[in-house]
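Here's the letter readout for the chains.
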Amino acid sequence: MADKWKIEDEFLFGGDYNPDQWLDRPDVLEADLTLMKNAGISVVSLGIFAWSTLEPEEGKFEFDWMDRIIDNLHGAGVKVFLATPSGARPAWMAERYPEVLRVGPSGGRNLFGARHNHCFSSPVYREKVRIMNTRLAERYSSHPAVVLWHVSNEYSGDCHCELCQANFRAWLKERYKTLDALNKAWWTSFWSHTVTDWDQIHSPVPHGELSVHGLNLDWQKFTTHMTVDFMTHEVEALKSAGSDLPVTTNMMMVMEDKGMDPGLDNWKFREIMDYASWDSYPAWHMPGHKILIHGETPDEEADDYRRASEEAFHHDLYRSLCNGPFLLMESTPSRVNWQATSKGKRPGMNILAGMNAVSHGSNSVQYFQWRQGRGSFEKYHGAVVDQSGRDDTLVYRECAELGAMLKKIKPVAEAGYPARAALVYSWENRWALDDSQGPVNNDRKAYVETVRKHYYCLWKAGIPVDVISGEEDLSGYELVAAPMLYLTSRKQAENFRTYVEGGGNLLTTYNTGYVDETDLCFEGGSPGPLRDVLGLRVEDLDALHRNERIYLSMEEDYPVQDYYEIVRPEGAQVLARFRDPWHQDLPGFLVNSFGGGKAYHLAGRLDADSLYEVYQIIVSDREIRSNLDLVIEKSSELDIQIREKGDKVYLFVMNFSAREGSVVLKSTWNDFLEEGEAGDEWTLPPYGLKILTN
Ligand code: GLA
Ligand code: ZN
């Protein structure tokens, strides 16, 4: 038997394949194989929403069609990520067992419809999933084409049914042991909310309780817990049936209006996944459209550059999740169908977006979807093969070009990503902060935007970043930034302390260390357990009106918006002060020597350009290494990323701009795609890229 597939083996190229929509069209299924071969497709995700085809009636399983499809794919040299179909269940199941359907916050049970419409507590749903996963594993886990389990699809959402309420109470009991402890943690004597019986506890809902922050936070944590528990149940079924294939689930991050899906604490999934994967749908070429960073200085031609930074942030997060190469499980080769304006990609952008993922550690480029379906909700959604079924469309041809490139750069698949800095992103903090009623409310709290702005500064400075939870070993990082960590867990605080003591460089900001992991304020105020590490205490966190500004005076005066703090140094040295008509000389930017390291604190919110200048100070004072050390000069929208293995370095030079780009490197490199010397100076067309090696 061939060696077991590992993610480091090669780059995979492909996408979601739904032959179950075409079983009455053998000609189409046959054409798929030829089209796949010509596009260089090496993987498909199969069976994601195929439950009603796999089990059309309760207990009546039909696998013959899947046998044929998998055999044929194998014959064509295409690997299979086999899905468990739990992302959507068949109508017969909802009809016979209404408990599998979700109950919304209003208390009403959903009707059959849509997807993700199931209760993770339901014993019936769990049993049906167990049977299905067992059958799939028994039948396919030793098929040579099947290399990975694609468990479910974009887990999300919560359920408020009685089963879930009971599970929530049991989870709370396990956590707090006594009602007294729970009442203290939730500060329930406020508004007379003391709970005297576990059965009085109900999930947060609009017509009931929404104002107990500890309850809201625990419900979010519980929802993550239930989802992880459900996934564990799915994986156990696969393993008990004898499968030892690796496992992933495709995470969802970007929602058009939410910025980033807030629902599940992704860090809690790292234990049950062998490889991380995610679905990426950025809005390229949409000037000003919900760019979450840097909207302050609109420059339409530079929008794609900033969008690339947002994308890179997510790639770095998923690479960091399982600490190694990840899979770009979904993206669109052209357009989505759900943005207000679902724009197609300009020539070059599909290849560039795929290589952006690769340059940050993805070992696949996969699409939703291989072929457009003829009906229903996603018939207009981008696909490698559109309704015409042709292989000479712009999209198909650009995909084929990328497929060929990924074969060419195969050795890069076993190269790592040398992160120098780490950026903390915490879902628990986001939930608590979104819920808080503070000096600044509504969209201006902007945690996600703030983290992305910090990411942008590091990315623009050419510093490779891991995006982390803050509870990992930090000792290898030259800089750790933890912006706006309103909820600082004791574990994070301890971790930062050890890191700085041991010589590390930490950056924190306004609105840090207010509450602990149960959403209770730290006694003694902000920054709570970080007070001695930062060498300061915060007397007040104040708000500025939307258009009001004070200034941080450095070489120039940098505008401060939304938030600023009144900081009292307790050992920290003031590097820059605020210019503010009502307070004289308030500290705005400070540094504290603690153990062998330095803890920086920025006490007000800056726009991205100004924040970049602050990062430049830290980067040069602390001599943080940058990819730009390899560059003499480059145009501003060129991004440079590195993957490396031992002495072998692969340099990705990418032009995220509608303008031509140019670069002068300090030494000469070989062109990995064109083969031969690349020289040290050249220009790149709009959305062009080069991959170089030493
Ligand atoms: C998600 C889903 C896919 C598809 C795409 C459309 O990522 O996982 O099934 O609906 O969105 O963009
Ligand atoms: Zn439920």
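Anyway, here's the lowdown on the structure attached to this text. (Residues numbered from 1 in each chain as written. Chains lettered and ligands numbered in written order. Predicted model: local features only at pLDDT ≥ 70, side-chain atom pairs only at ≥ 80, totals over all residues. Heavy atoms only, no water.)

Attention now moves to the overall build of the protein chain. Scanning the protein chain from N- to C-terminus turns up 16 helices and 26 strands. Its C-alpha atoms give the protein chain a radius of gyration of 26 Å, near enough to 26 Å, the size a compact globule of 694 residues would have. Along the longest, intermediate and shortest principal axes, the C-alpha atoms of the protein chain span 80 × 75 × 45 Å. The buried share of the protein chain, reckoned over its 694 residues, is 61%. Residue pairs in contact within the protein chain that sit at least 24 positions apart in sequence constitute 72% of those at least 6 positions apart. Accessible surface, the protein chain as shown: approximately 27,200 Å² in total, 48% of it carbon and sulfur. Across the protein chain, 71 positive and 105 negative side-chain charges occur, with their mean positions spaced 2 Å apart. (Helix = DSSP H or I, 4+ residues; strand = E, 2+ residues; numbered from the N terminus. Rg over C-alpha atoms; globule rule 2.2 N^0.38 Å. Buried < 20%, exposed > 50% of the residue type's maximum accessible area, 1.4 Å probe, protein only. Contact = heavy atoms within 4.5 Å. Areas by Shrake-Rupley, 256 points an atom, 1.4 Å probe, with all protein chains shown as cover. Lys, Arg positive; Asp, Glu negative; His and termini not counted. Charge placed at Lys NZ, Arg CZ, Asp CG, Glu CD.)

For the rest of this paragraph, the subject is the site of ligand 1. Neighbouring residues of ligand 1: F49, R115, N153, E154, D279, Y281, E330, W338, F368, E378 and H381. Contact between ligand 1 and W338: an oxygen atom at 2.8 Å from a side-chain N or O atom of the residue. Here an oxygen atom of ligand 1 and a side-chain polar atom of H381 are 2.7 Å apart. Burial of ligand 1 by the surrounding chains reaches 95%, relative to a free accessible area of 310 Å². A breakdown of the residues in the shell around ligand 1 according to their chemical character gives four nonpolar, two polar and five charged. (Near = heavy atom within 4 Å. Polar contact = N/O pair within 3.5 Å; in protein donor to acceptor, adjacent residues only side chain to side chain. Nonpolar A, V, L, I, M, F, W, Y, C, P; charged D, E, K, R; others polar.)

Further remarks concern the pairing of strand β11 (residues 465-468). With burial as the criterion, each face of β11 is covered, one bearing V465 and V467 and the other bearing D466 and I468. In this sheet, β11 lies alongside strand β10 (residues 421-424) in parallel orientation, the contact comprising four bridges. By the bridge assignment for β11, A421 is matched with V465. (Pairing = 2+ DSSP bridges.)

On to helix α1 (residues 26-39), then. For α1, spanning 14 residues, the distance from its first C-alpha to its last is 20 Å, which sits close to the expected 20 Å at 1.5 Å a residue. Residues of α1 that are buried in the fold lie against β1 (12-17), β2 (43-46), α3 (64-75) and α11 (394-408). Two residues or fewer past α1, G40 is found with a positive phi of approximately 75°. (Expected span 1.5 Å × (residues − 1).)

Below, the discussion takes up the coordination of the zinc ion (ligand 2). Ligation of the zinc ion (ligand 2) by protein atoms is provided by C119 (SG), C159 (SG), C161 (SG) and C164 (SG), these donors lying 2.3 Å from the ion. The coordination sphere of the zinc ion (ligand 2) comprises four donor atoms, whose angles at the metal cover 101 to 116°; the geometry is tetrahedral. Sequence positions of the residues that donate to the zinc ion (ligand 2) give the spacing C-x39-C-x1-C-x2-C. With a gap of 45 residues between them, C119 in the loop between α4 (91-96) and α5 (123-140) and C164 in helix α6 (residues 162-176) connect regions that are remote in the sequence. Residue C119 is classed as buried on the basis of its relative accessible area of 0%. (Donors = N, O, S within 2.8 Å, 3.2 Å for Na, K, Ca; no water. Tetrahedral: all angles 85-135°; square planar, octahedral: opposite > 155°, others 65-115°.)

In spatial order, the strands read β5-β4-β3-β2-β1-β9-β8-β7-β6; together these nine strands make up an open sheet with parallel pairing. Single-partner strands in this sheet number two, and they are β5 (247-248) and β6 (250-252). As paired elements, β1 and strand β9 (residues 362-367) share four bridges and run parallel to each other. Opposite L12, over in β9, you have S364 as the bridge partner.

In contact at an axis separation of 10 Å, helix α8 (residues 213-240) and helix α12 (residues 427-435) are set at 145° when each is read in the N-to-C sense. Every pair of crossing elements has a handedness; the one defined by α8 and α12 is right-handed. Residues H213, N216, L217, Q220, K221 and T224 of α8 form the contact with α12, whose own contacting residues are E428, W431, A432 and D435. Residue composition of the contact of α8 with α12, grouped by class: three nonpolar, four polar and three charged. (Axes fitted to C-alpha atoms, helices over the stretch in contact; angles between N-to-C directions. Left-handed = near helix turned anticlockwise from the far one by under 90°.)

Residues W187, F190 and W191 make up a contiguous nonpolar surface patch of roughly 430 Å² in combined accessible area. Assignment of secondary structure puts F190 in the loop between α7 (179-186) and α8. (Patch = residues over 30% accessible without salt bridge, like charges linked within 9 Å, V, L, I, M, F, W, Y side chains within 5 Å. Salt bridge = Lys/Arg side-chain N within 4 Å of Asp/Glu carboxyl O.)

Take a negative patch on the surface next. A cluster of acidic residues, E555, E556, D609 and E613, forms a negative patch at the surface. Along the chain, E613 falls in helix α16 (residues 608-621). For E613, a relative accessible area of 32% gives the class partly exposed.

As a further point, take the pattern of salt bridges. The full count for this structure, using the stated rule, is 41 salt bridges. Of the charged contacts in the structure, one is a salt bridge between R452 and E310, with a shortest N-O distance of 3.6 Å. Remark: E310 occurs in helix α9 (residues 303-321) and R452 occurs in helix α13 (residues 447-460); sequence separation between them is 142 residues. Each member of the pair, R452 as well as E310, is classed as buried. Across the salt bridge formed by R490 and E517, the nearest N and O atoms sit 2.4 Å from each other. Of this pair, R490 sits in helix α14 (residues 490-501) while E517 sits in the loop between β13 (505-509) and α15 (531-534), placing them 27 residues apart in sequence. You can call E517 partly exposed: its relative accessible area is 22%. By sharing partners, the salt bridges in this structure join K221, D265, K268 and E428 into a single network.

Structural measurements only, silent on function.
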